[in-house]
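Observations on chain architecture
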Amino acid sequence: MEYTQLGRTGLKVSRLVLGTMNFGPHTDEPDSHAIMDAALDAGLNFFDTANVYGWGDDKGRTETIIGNWFAKGGDRRDKVVLATKVYGNMGGDRGQAWPNHDRLSALNIRRAVDASLARLRTDHIDLYQFHHIDRHTPFEEIWQALDVLVQQGKILYVGSSNFPGYKIAQANETAARHGRLGLVSEQCLYNLYERRAEMEIIPAAQEYGLGVIPWSPLHGGLLGGVLRKEATGGRSASGTAAEVLADPAARAKVQAYEDLLGKHGLEPGEVALAWLLSRPGVTGPIVGPRTAAQLDSAVRAVGLSLSTELLAELDALFPGPGPSPEAFAW
């Protein structure tokens, strides 16, 4: 495994991030524990979760599974850089949030971090991330709340997720005015198929020294050899991948992508991860394996070097939007 600094911090993290969103809804607790053990054995030390994972009436379940794994001992907690998130309503999906039980008010942040710590069975969170922007809470209030948590030793670093570029700038300019470290990472949707983050989000993250942590690196399985799997009787496309493939032009592009990598003898999913690892500003993509075999495939991507020629062919198949403002101004 390779390691890098998280943004401008001294924190060293693996170049793959273990995503845990499947733990609970799709992967039971024993298998989730086995995957986390395998991830540590492979050298992954950066684990990502969120307080809402588990979804529906089981929100918080994923954090509980991770906490039970930490409780097994064996230095599991000490070896992991633990990231979780705050923002969403922790009530069931059918009900509305009770006032101040969601978003980023100082009151909800205090309540949410204590609840996450209890589920995770730990005394601190290494990276506490805002899961979404809060259009109603000023950053002065947010940073004041986070200062208290840092002083209490409950969190160490703060990151964002799904922030536009201007909010990254706003958050860190506010932090700088008050002598605070500010955001150190941004977790965003970014992959070979979906490259709009290159216009504003990634440049803002680089300017302010944030590590970029892409989620959905295979775009819901679209870049993982979905057409080949369909043709050989494997798992059919669903969700985001199925929506994209419903467009004949998009389907043709994905087929061309798989054909290109087939000529080179490369696995599509591994190439999609390796492409992200080659991109400026990227700390490491989030991988959410359901099986040990999927984890092994992701780990192989770290050592995969893509030639200049192949990178150019991939760029021609899935061109980026170009820099801002040139991409839309002229």
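Preceding this paragraph is the structure being described.
What this report covers is the structure whose coordinates are included nearby.

How each quantity is defined
Residues numbered from 1 in each chain as written. Predicted model: local features only at pLDDT ≥ 70, side-chain atom pairs only at ≥ 80, totals over all residues. Heavy atoms only, no water. Phe/Tyr/Trp six-rings, centres within 6.5 Å; stacked < 30°, edge-to-face > 60°. Lys NZ or Arg CZ within 6 Å of the ring centre and 35° of its normal. Helix = DSSP H or I, 4+ residues; strand = E, 2+ residues; numbered from the N terminus. Core = buried A, V, L, I, M, F, W, Y, C linked by side-chain atoms within 4.5 Å. Buried < 20%, exposed > 50% of the residue type's maximum accessible area, 1.4 Å probe, protein only. Contact = heavy atoms within 4.5 Å. 1 Å grid on protein atoms, 1.4 Å probe; cavity = no way out; pocket = protein on both sides within 12 Å on 5 of 7 lines; lining within 4 Å. Points joined across faces, edges and corners; volume = space filled by probe spheres on them. Nonpolar A, V, L, I, M, F, W, Y, C, P; charged D, E, K, R; others polar. Pairing = 2+ DSSP bridges. Salt bridge = Lys/Arg side-chain N within 4 Å of Asp/Glu carboxyl O.

1. Focus: the packing of aromatic side chains
- Within the structure shown, the criterion is met by 9 aromatic pairs.
- Through pairs of rings, three or more aromatic residues link up here, namely Phe-130, Phe-139, Trp-143 and Phe-163.
- Above the face of the Phe-70 ring, Arg-77 is positioned so that its terminal group lies 5.4 Å from the ring centre.

2. Focus on the environment of Glu-326
- Along the chain, Glu-326 falls in helix α14 (residues 326–329).
- In the structure, Glu-326 is positioned 40 residues away from Ile-286 in sequence and 30 Å away in space, judged by C-alpha atoms.

3. Overview of the nonpolar core
- Grouped together as the largest cluster of nonpolar side chains are 71 residues, with contacts concentrated most on Tyr-128, Phe-130, Leu-146, Tyr-257 and Leu-314.
- For this core, the leading source of residues is helix α11 (residues 268–277), giving 7 residues.
- Every residue in contact with Tyr-257, bar those within four places of it in the chain, is listed here: Leu-192, Leu-223, Pro-268, Val-271, Ala-272, Leu-314, Leu-317 and Phe-318.
- Judged by nonpolar contacts, the second largest core, of 12 residues, contains Val-17, Val-184, Ile-213 and Ile-286.

4. Brief notes about the layout of surface pockets
- A volume near 1,400 Å³ is recorded for the largest pocket.
- When contributions to the lining of the largest pocket are tallied by element, the ones reaching two or more residues are β8 (183–189), α8 (226–231), α9 (239–245), α11, β10 (286–287) and α12 (292–302).
- Counting residues per element, the lining of the largest pocket draws most heavily on α12, which supplies 5 residues.
- Across the lining of the largest pocket, the residue classes tally to 18 nonpolar, 21 polar and 8 charged.
- Of the voids in this model, the second largest pocket is the one considered here, and its volume is about 170 Å³.

5. With respect to the pairing of strand β5 (residues 81–86)
- In terms of residue burial, β5 counts as a mostly covered element, since 6 of its 6 residues are buried.
- Side chains Val-81, Ala-83 and Lys-85 of β5 all project onto a buried face; the interleaved residues Leu-82, Thr-84 and Val-86 project onto the opposite face, where all are buried too.
- For β5 and strand β6 (residues 125–130), the ladder comprises 4 bridges, and the chain directions are parallel. Note on β6: the bridge partner recorded for Lys-85 is Gln-129.

6. Here's the deal with unusual backbone geometry
- Looking along the chain, the bond that leaves Ser-324 and enters Pro-325 is cis, with omega of 10°.
- For Pro-325, the position within the fold is in the loop between α13 (308–317) and α14.
- In this structure, Trp-55 takes a positive phi of about 60° despite not being glycine.
- Examined against the element boundaries, Trp-55 turns out to sit in the loop between β4 (46–48) and α2 (61–70).
- Of the residues examined, Trp-55 reaches a relative accessible area of 38% and is grouped as partly exposed.

7. Here we look at the environment of Leu-107
- When you line up the elements, Leu-107 lands in helix α4 (residues 106–120).
- By relative accessible area, which is 43% here, Leu-107 ends up partly exposed.
- Spatially, the C-alpha atom of Leu-107 lies 10.0 Å from that of Glu-141, the residues being 34 residues apart in sequence.

8. Overview of the pattern of salt bridges
- All told, the structure shown has 15 salt bridges when counted by the stated rule.
- Its salt-bridge partner being Glu-63, residue Arg-119 comes within 2.8 Å of it at the nearest N-O pair. With Arg-119 in helix α4 and Glu-63 in helix α2, this residue pair connects regions lying 56 residues apart in the sequence. Each member of the pair, Arg-119 together with Glu-63, is buried.
- Its salt-bridge partner being Asp-147, residue Arg-180 comes within 2.3 Å of it at the nearest N-O pair. Of the two residues, Arg-180 is situated in the loop between α6 (165–177) and β8 and Asp-147 in helix α5 (residues 139–151); the sequence distance between them amounts to 33 residues.
- A cluster of three or more residues bridged by salt bridges with shared partners is formed by Arg-195, Glu-198, Arg-279 and Asp-315.

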